[in-house]
Each structure stands twice: as C-alpha cells, then as structure tokens.
Amino acid sequence: MKKIGTFILFFLLSLSVYANDIIDVAAKDTNEVISLNTSAYSNRLTNPEQTVEDATRALKLSVKLNYINGIAEAYRVIGIGKYYLDQPEKAIENYLNSLSYFTRNNNLRGEAKVYNNIGILFRDHDYERSLTYLNRSLEIAQKINDTKLVGSLYLNIGNVYTRKNNLYMALKFYDKSFPIFQKLRDSVNLIQCLQNRGVIYFKLKDYDKALGLLLEANTGAKARDLNESVASVDLTLAALYMTKGDFKNAEKMVQEGTAYTQLVKDPKLDYDYKYTTYELEYNKKNYARAVNLLREIYTQDSVTYKTNVSAQMNLVEAKRRQEEQLKENERIAERQAYDRSKFWAVTVVAGLMLVVIGLLISNVKRKAKTNAQLTLLNGEVSRQKDNLDRINHHLEEIIDERTKDLQLKNKKLSEHSSYLSHQIRGPIATLRGLINLEKEGLVDQAECLDMMDKCVSEIDEKIIEMSDMLHNPPRV
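Residues numbered from 1 in each chain as written. Predicted model: local features only at pLDDT ≥ 70, side-chain atom pairs only at ≥ 80, totals over all residues. Heavy atoms only, no water.

Structural notes on the nonpolar core
Heads up, the rule is: Note on terminology: a nonpolar core comprises buried Ala, Val, Leu, Ile, Met, Phe, Trp, Tyr and Cys residues joined through side-chain atoms within 4.5 Å. In this scheme, a residue with accessible area under 20% of its type's maximum is buried, one over 50% is exposed, and one in between is partly exposed, where area comes from a 1.4 Å probe on protein chains only. Contacts are residue-level and defined by heavy atoms, with any inter-residue pair within 4.5 Å sufficient.
In terms of nonpolar packing, the biggest core is built from 84 residues, with Tyr 83, Tyr 95, Ile 157 and Leu 237 touching the most fellow members. Contact partners of Tyr 83, with chain neighbours within four places excluded, come to Ala 91, Tyr 95, Ile 120, Leu 121 and Arg 123. In this structure, Ile 424, Val 443, Cys 455 and Ile 459 belong to the second largest nonpolar core, which totals seven residues.

Below is the structure:
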C-alpha cells in the first residue's frame, strides 16, 4: 500500500511540475505574441512590409498556442500592413479573419478596432459603407469606454467627410478628436490631426493657417520617423505651395515626399506624387514633361481601375475563404479543447486517486489505533469483571451468613412468641377473671388487689425474662 501511494504521489508531483512548466512557457510565448503584434503595429507608418512580417510571425506562434486574441490581433495587423501596401483585397481578407476570431472570443474592443480598419479600407471608394463601419465601431468603443479608440474614430470619420467635401463636418470631428489625443499624449494621432486640419484649411483657402498646421505636422512626423505621414504631409504642402505660386518649395516637397514614398512602398502615394509632379510641370509650363507624366498616370489609372474591380470581386471570394477558414479554425479549436479537457480529466482523476488512497491510508491508521484502544478497553473490562466476580462471591458469603442469622432469629422469635403465648396469657387470664369477680362482688376487694398485684408482678417478670432472652441470646 505504501509503495503504491508513493508511486502515485510521485506521478502527481511530476504531472504538476510538467503542467506548471507548460503554463510558464505558454505565458512567455503569449507575451512574445503581444510584443510582436505591438511592434508590427508601431511600424505601420514607417515600414509596412516589416509590419506584415512581424505580425505573420505573431500569427504562427498564436496558432501554435491556440491564443485566440493573439490570432485575431495578428490578422488585424497584417490587414493594416496590407492596407498601407495598397493591397485592399488582402487587407479585407485578413480583417474578416480577425473579426471572426474576436467575435468568437467575445472581444468587443477587438471587434470595434476591426470595424474601424474596414471603415478606413472603404474610405476612398465607398463613403457610406465606410461611415457604416466607423459608426458601428464608435458605438462599441463608447460602450466599453475606450477613449483612445473613440478619438481615432472621430479622426477617421472626419477623413470620410473630408473626402465627401463636407469640410465643416470634417473639421467638427477633427476638433473633437484633437483634445482626446492631447490628454492621452498620443503624438502619432496628434500629428494626424494636425495634418488633417491643415488639409481642411487648405481646401477652405486659409493658406496661412493650413501652412502652419502642415509644417508642424511635418516636423513632428520626421522626429518620430513616421515616413508615411511625412510623405502624405509633403503632398499637401506641395499642392499648397503650387497654389501660392511658390514652385521652388513645391518642387522641394515633391522630391522629399517621393523619397519617403519609396521608403514605405505605397503605390497610392506614388501615384499621387506622379499626378502632383504633372501639375507642377504643367504650372511651370514644362508641357512635354507634363504630357509624358500624364500618359504614365493614364496607364496607371487603367491598372488601378482593374485592380479596384478585381479587389471588389475578390472581396466575395475572400469572405468565402474566410468562412471556410473559420470552420477549420473551429474544428481545430474543438480538438485542442478536447485535448485540454482530456489532460485536465487525467489530472483530476489522478488527484482523486491520491485523495482516495490518502483516505484509505488514514482509515487503516485510524482502525489500527481503534483496535489498540479496544484491546486496552477489553483488558480493563476483564479486570473489572474479575473484581466483580470476587465481589459477588463475597456478597454470596455475606448473604448466606445473614440468611442463617435471620433464620436463627426467626426461630427464636417463634420460640419467644410461643413462650409469651403460654407464659403471659396465664396471668392475663387470671387478671381478667379477678376483674369479673370483683365486678360481681364475689371476692374481697383487698384480696382481689393482692392477687392482681401478684399477676402483674408475674407478667413483669416474664417480660423482663423475654427481653433478656432477646437481647442476650444464649451462645450455641
């Protein structure tokens, strides 16, 4: 029994150590996933290719760990990287995958972030659909009180209204987002706010205010290596300088912005810079150069149109693949859940076995202790029984002696009774007779009294004699 108990205890301890090791490793790997996703997201405006690479590593590790939130966030960050690489069909596919995992894990904040990303994806092509997704995200963000996400959504909704040319509505949302980012000290989004407000004032022809905001945004973006933001701000500055007729600064902004665009490899920005360069050459009256650029732009427009059509067609296909992937993920999750359940079931059974064995050992020890106590009690009872037997035997002897004594006394009492009957009744009868004679006057009174005195004396003597016999019985 002791050997079996020791073996099971050793087995359970080993299992516990193994489980703790697994938990420690899982926690370490989970932190690595979070770190990879965070690093990938922070590179989105600097190096979107690095964003995709880091998030892909996070995705592989998350799948290995079955870390649902990690999988969902990795898909979302990959989608963001694809968006900045101007690959909308791949972006939407990753966003839909991310949304399915966040929804399955009941992660409202994750869902809101994905709706925000999808809204941004549709921002340049379908304003109403973009606003639908952004407002859905805003509703969730306000519900869970996610201040940073609310600020980002105000910023993105303002961007949609800017593209709809509803400038004052856009400015309203920018003004709502700016104090939120100031309070949070979110420098990246503050730069975005400065840039977007600069664009609004440029379109409102308040060039001086627009120039101040855009230059401040440009300086902040460079200080933080936000290459995408620098390229985007330079594009607006180039347009502003052209409007003011300052072609020298406009050309400087185009050259700088083109260099930053090549760093981030954003095809859309590259196209925008080609068009801005065309406008610059046209305004400088370099018509030959302008015509060549216009041909390139026309060719790129055709390709872009085909790409957009293809992207829209691929949305349906991406959704279908995403649904198939979701089903496969669910099957994998079920298998992993079954494996985990089996592991914990074995652990629980082993624990129960240990408890049962412990109870059995405890019960055996308790029975041994009880038996020892019973043995002691039996010995004590035996001793007490012997004492009682001796006492009973002695009592029988006492009872026999007292019985004999009582029998003797009863015999003597019987004898005394007989004696009294014969010795005392005689004088009493004489007294009775004398009394009757005296009543009838047949005897002399003095003689009668004398005779009665004799009878009384005789009775007294008999009584004294009987008392002496009772109190001082003759020894036999």
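Moving on from the coordinates now.
Points about the pattern of salt bridges
What counts here: By salt bridge we mean one thing: a side-chain nitrogen of Lys or Arg within 4 Å of a carboxyl oxygen of Asp or Glu. Working definition: helices are DSSP H or I runs of at least four residues, strands are E runs of at least two. Numbering for both runs from the N terminus.
Taken as a whole and judged by the stated rule, the model has eleven salt bridges. Note that Glu 73 and Arg 76 form a salt bridge whose closest N and O atoms lie 3.0 Å from each other. Of this pair, Glu 73 and Arg 76 both sit in helix H3 (residues 68-84), three residues apart, which is roughly one turn of that helix. Take Glu 73 and Arg 76: they sit in the same class, and that class is buried. The salt bridge partner of Lys 274 is Asp 270, with a shortest N-O separation of 4.0 Å. Of this pair, Lys 274 and Asp 270 both sit in helix H13 (residues 267-283), four residues apart, roughly one helical turn.

Thoughts on a nonpolar patch on the surface
We count it as follows: Grouping into patches uses exposed residues only, defined as over 30% relative accessible area, and leaves out salt-bridged ones; the cut-off is 9 Å for like charges and 5 Å for nonpolar side chains (Val, Leu, Ile, Met, Phe, Trp, Tyr). Every accessible area reported is derived by Shrake-Rupley at a probe size of 1.4 Å, with residue values counting cover from the shown protein chains alone.
A surface patch of nonpolar side chains, about 370 Å² in accessible area, is lined by Leu 388, Ile 391, Leu 395 and Ile 399. Along the chain, Ile 391 falls in helix H14 (residues 287-423). For Ile 391, a relative accessible area of 45% gives the class partly exposed.

A word on the packing of helix H12 (residues 247-264) against H13
The test is simple: A fitted line through C-alpha atoms represents every axis, and for helices the fit uses only the stretch in contact; the resulting angles, taken between N-to-C directions, go from 0 to 180 degrees. Throughout this description, any angle smaller than 35 degrees is read as roughly parallel, any larger than 145 degrees as roughly antiparallel, any in the 65 to 115 degree range as roughly perpendicular, and the remainder as oblique. Should the near helix be turned anticlockwise from the far one by less than a right angle, the crossing is termed left-handed; should it be turned clockwise, right-handed.
Interaxial distance between H12 and H13 falls to 10 Å at its minimum, and their mutual angle equals 160°. Taken as axis vectors, H12 and H13 run roughly antiparallel relative to one another. The crossing of H12 and H13 is left-handed. The residues of H13 that touch H12, namely those facing Phe 247, Ala 250, Glu 251, Met 253, Val 254, Gly 257, Thr 258 and Thr 261, are Leu 269, Asp 270, Tyr 273, Thr 276, Thr 277, Leu 280 and Asn 283.

Some details on the environment of Arg 129
By the secondary structure assignment, Arg 129 is in helix H6 (residues 127-143). Given the relative accessible area of 38%, Arg 129 is considered partly exposed. Sequence separation between Arg 129 and Gly 119 is ten residues, and the spatial gap between their C-alpha atoms is 7.1 Å.

A look at a negative patch on the surface
What counts, and what does not: Counted as positive: Lys and Arg. Counted as negative: Asp and Glu. His and the chain ends are not counted at all. Where a charge sits is defined by one atom per residue type, namely NZ (Lys), CZ (Arg), CG (Asp) or CD (Glu).
Taken together, Glu 458, Asp 460, Glu 461, Glu 465 and Asp 468 make up a surface patch of like negative charges. Within the fold, Asp 468 resides in helix H16 (residues 445-471). Overall, Asp 468 belongs to the partly exposed group, its relative accessible area being 43%.

Brief notes about the packing of helix H11 (residues 227-243) against H13
This is how it is decided: Side-chain classes follow a simple rule in which Ala, Val, Leu, Ile, Met, Phe, Trp, Tyr, Cys and Pro form the nonpolar group, Asp, Glu, Lys and Arg form the charged group, and the remainder, Gly included, forms the polar group.
Contact geometry for H11 and H13: axes closest at 11 Å, N-to-C directions at 20°. Compared by their axis directions, H11 and H13 come out roughly parallel. In terms of crossing hand, the pair formed by H11 and H13 is left-handed. Side by side, H11 and H13 meet where Glu 228, Ala 231, Ser 232, Asp 234, Leu 235, Ala 238 and Met 242 of the first sit next to Leu 269, Asp 272, Tyr 273, Thr 276, Glu 279, Leu 280 and Asn 283 of the second. Here the contact of H11 with H13 is composed, by residue class, of seven nonpolar, three polar and four charged.

Here we look at unusual backbone geometry
Within the chain, Asn 106 stands out as a residue other than glycine whose phi angle is a positive 55°. Looking at the element boundaries, Asn 106 is found in the loop between helix H4 (88-104) and helix H5 (108-121). On the basis of relative accessibility, which here comes to 62%, the residue Asn 106 falls in the exposed class. Even without glycine at this site, Lys 205 takes up a positive phi of about 65°. With respect to the helices, strands and loops of the structure, Lys 205 is situated in the loop between helix H9 (187-203) and helix H10 (207-223).

Quick notes on the UniProt feature "transmembrane region" (unreviewed entry) in the chain
The cut-off we apply is this: UniProt positions are given in the numbering used here, feature names are shortened, and annotations may be inferred rather than shown by experiment.
In the numbering adopted here, UniProt assigns the feature "transmembrane region" (unreviewed entry) to residues 343-361. Along residues 343-361 one finds 100% helix and 0% strand; the C-alpha atoms at either end are 27 Å apart.

As for the packing of aromatic side chains
Stated formally: For this analysis, a ring pair means two rings from Phe, Tyr or Trp (six-membered ring only for Trp) whose centres lie within 6.5 Å, classed as stacked if their planes differ by under 30 degrees, edge-to-face if by over 60, and tilted for the remaining angles.
Scanning the entire structure with this criterion turns up ten aromatic pairs. The interplanar angle of 45° and the centroid separation of 6.0 Å between the aromatic rings of Tyr 154 and Phe 173 together place this pair among those described as tilted. Within this pair, whereas Tyr 154 is found in helix H7 (residues 147-163), its partner Phe 173 is found in helix H8 (residues 167-184), the two being separated by 19 residues in sequence. By the burial criterion, Tyr 154 is buried, and Phe 173 matches it. Pairing Tyr 275 with Tyr 278 gives two aromatic rings, centres 5.7 Å apart and planes at 50°, and the pair type is tilted. Remark: Tyr 278 and Tyr 275 occur in helix H13; sequence separation between them is three residues, near one turn of the helix. A relative accessible area of 36% means that Tyr 275 is categorised as partly exposed.

Overview of H4
Our working rule: To estimate the expected span of a helix, count its residues, drop one, and scale the result by 1.5 Å.
Over its 17 residues, H4 extends 24 Å from the first C-alpha to the last, a length consistent with the 24 Å expected when each residue adds 1.5 Å. For H4, the buried fraction is high: twelve of the 17 residues fall into the buried class. Taken residue by residue, H4 has Pro 88, Ala 91, Ile 92, Asn 94, Tyr 95, Leu 96, Asn 97, Ser 98, Leu 99, Ser 100, Tyr 101 and Phe 102 as its buried positions. Downstream of H4 by a residue or two, Asn 106 has a phi angle that is positive, lying close to 55°.

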